[in-house]
Amino acid sequence: MTTTPREHLVDWLRDAHAMEQQAEAMLEAQAERLDHYPQLRERIRQHIDETRWQRDQLDGCLQRQGASPSTLKDLSGKLMAFGQGVGGMLASDEVVKGAMAGYVFENLEIASYTALIVAAEAAGDDLTVGVCRNILAQEHAMAAWLLEHLPETTAAFLSRSATPGVTARH
């Protein structure tokens, strides 16, 4: 039995939609707790808006293919994000681990959209190619920002952590 590029494209678009649902939930939980890291909080809030736009774009790509998001995959993504959020709240170095996890997640998204572009090209869906390239650029920008600012986020955490009576974790 064979599977067409279009079938893979639809499946991977559903995966990406669930991934964006997960990203939005994780980012929202993280942004709510970043009281002492305003620059990181603002960049995360900006990326939440981008993530919502990305999810809407993926909805359009799925509709053009005569498909819809997978409720099960979306729910699974949200549940995973909830678990990650709860786990992060327990870490004494939440802001640093959150920034590192965000960088890793952005790179997962970069890989996903890179594969989606190839699948959309193979399926002859030029509109989805364009959407995925736009999303890919946003994911590259966020990953680069997180990596560039990781040293200062870490330094701020270490400074706050070493100061008696100061909250450092978020």
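No experiment lies behind these values; they were computed from the predicted model shown. (Residues numbered from 1 in each chain as written. Predicted model: local features only at pLDDT ≥ 70, side-chain atom pairs only at ≥ 80, totals over all residues. Heavy atoms only, no water.)

1. Describing the side chain of Glu139
Among the secondary structure elements, Glu139 is positioned in helix H5 (residues 126-161). No salt bridge is formed by the buried Glu139; its nearest oppositely charged neighbour, Arg43, is found at 7.9 Å. Separated by 3.2 Å, the side chains of Glu139 and His47 make a polar contact. Ignoring any residue separated from it by four or fewer positions in sequence, one finds Glu139 in contact with Glu20, His47, Gln54, Glu106, Glu109, Ile110 and Tyr113. (Helix = DSSP H or I, 4+ residues; strand = E, 2+ residues; numbered from the N terminus. Buried < 20%, exposed > 50% of the residue type's maximum accessible area, 1.4 Å probe, protein only. Lys, Arg positive; Asp, Glu negative; His and termini not counted. Salt bridge = Lys/Arg side-chain N within 4 Å of Asp/Glu carboxyl O. Polar contact = N/O pair within 3.5 Å; in protein donor to acceptor, adjacent residues only side chain to side chain. Contact = heavy atoms within 4.5 Å.)

2. A closer look at the state of the cysteines
Linking two cysteines covalently via their sulfur atoms produces the bond known as a disulfide. Following the criterion strictly, the structure yields 0 disulfides and no others. Here Cys132 is not disulfide-linked; the sulfur of Cys61 is the nearest cysteine sulfur, at 5.6 Å. (Disulfide = S-S within 2.5 Å.)

3. A short note on the packing of helix H1 (residues 5-32) against helix H4 (residues 94-123)
Look at H1 against H4: their axes get within 10 Å of each other, and the N-to-C directions meet at 160 degrees. Classified by the angle between their axes, H1 and H4 sit roughly antiparallel to one another. In this structure, the crossing between H1 and H4 has a hand that is left-handed. When the residues that make up the contact of H1 with H4 are grouped by side-chain class, the tally is 18 nonpolar, 4 polar and 3 charged. (Axes fitted to C-alpha atoms, helices over the stretch in contact; angles between N-to-C directions. Parallel < 35°, antiparallel > 145°, perpendicular 65-115°, else oblique. Left-handed = near helix turned anticlockwise from the far one by under 90°. Nonpolar A, V, L, I, M, F, W, Y, C, P; charged D, E, K, R; others polar.)

4. Brief notes about the packing of H4 against H5
In contact at an axis separation of 8 Å, H4 and H5 are set at 165 degrees when each is read in the N-to-C sense. Classed by the angle they form, the pair H4 and H5 counts as roughly antiparallel. Crossing angle aside, the handedness with which H4 passes H5 is left-handed. Tallied by class, the residues present in the contact of H4 with H5 amount to 20 nonpolar, 7 polar and 5 charged.

5. Focus: H5
Its 36 residues give H5 an end-to-end C-alpha distance of 50 Å, which sits within 8% of 52 Å, the value for a rise of 1.5 Å per residue. Remark: the principal bend of H5, roughly 45 degrees, maps to Leu150, with a proline, Pro151, within the next four residues. (Expected span 1.5 Å × (residues − 1). Bend = angle between axes of the 7 residues up to and from the residue.)

6. Remarks on the nonpolar core
Ranked by internal contacts, the top residues of the largest apolar core, which has 24 residues, are Leu9, Leu13, Ala16, Leu58, Tyr113 and Leu116. Counting only elements with at least two residues in this core, the list comes to H1, helix H2 (38-64), H4 and H5. Judged by nonpolar contacts, the second largest core, of 13 residues, contains Ala31, Leu34, Val96 and Leu146. (Core = buried A, V, L, I, M, F, W, Y, C linked by side-chain atoms within 4.5 Å.)

7. A closer look at the pattern of salt bridges
For the coordinates displayed, the defined rule picks out 10 salt bridges. Residues Asp49 and Arg52 are paired through a salt bridge, measuring 3.7 Å at the closest nitrogen-oxygen approach. In this pair, Asp49 and Arg52 both sit in helix H2, 3 residues apart, roughly one turn of the helix. Residue classification places Asp49 among the partly exposed positions, given a relative accessible area of 49%. Owing to a relative accessible area of 31%, Arg52 belongs among the partly exposed residues under this scheme.

8. Remarks on the side chain of Asp125
Inspection of the secondary structure assignment puts Asp125 in the loop between H4 and H5. Here Asp125 occupies a buried position and makes no salt bridge, while the nearest side chain of opposite charge, Arg64, is found at 4.3 Å. A distance of 2.6 Å separates a polar atom in the side chain of Asp125 from a polar atom in the side chain of Thr128. Discounting residues that sit within four places of it in the chain, Asp125 has contacts with Leu9, Arg64, Gln65 and Ala120.

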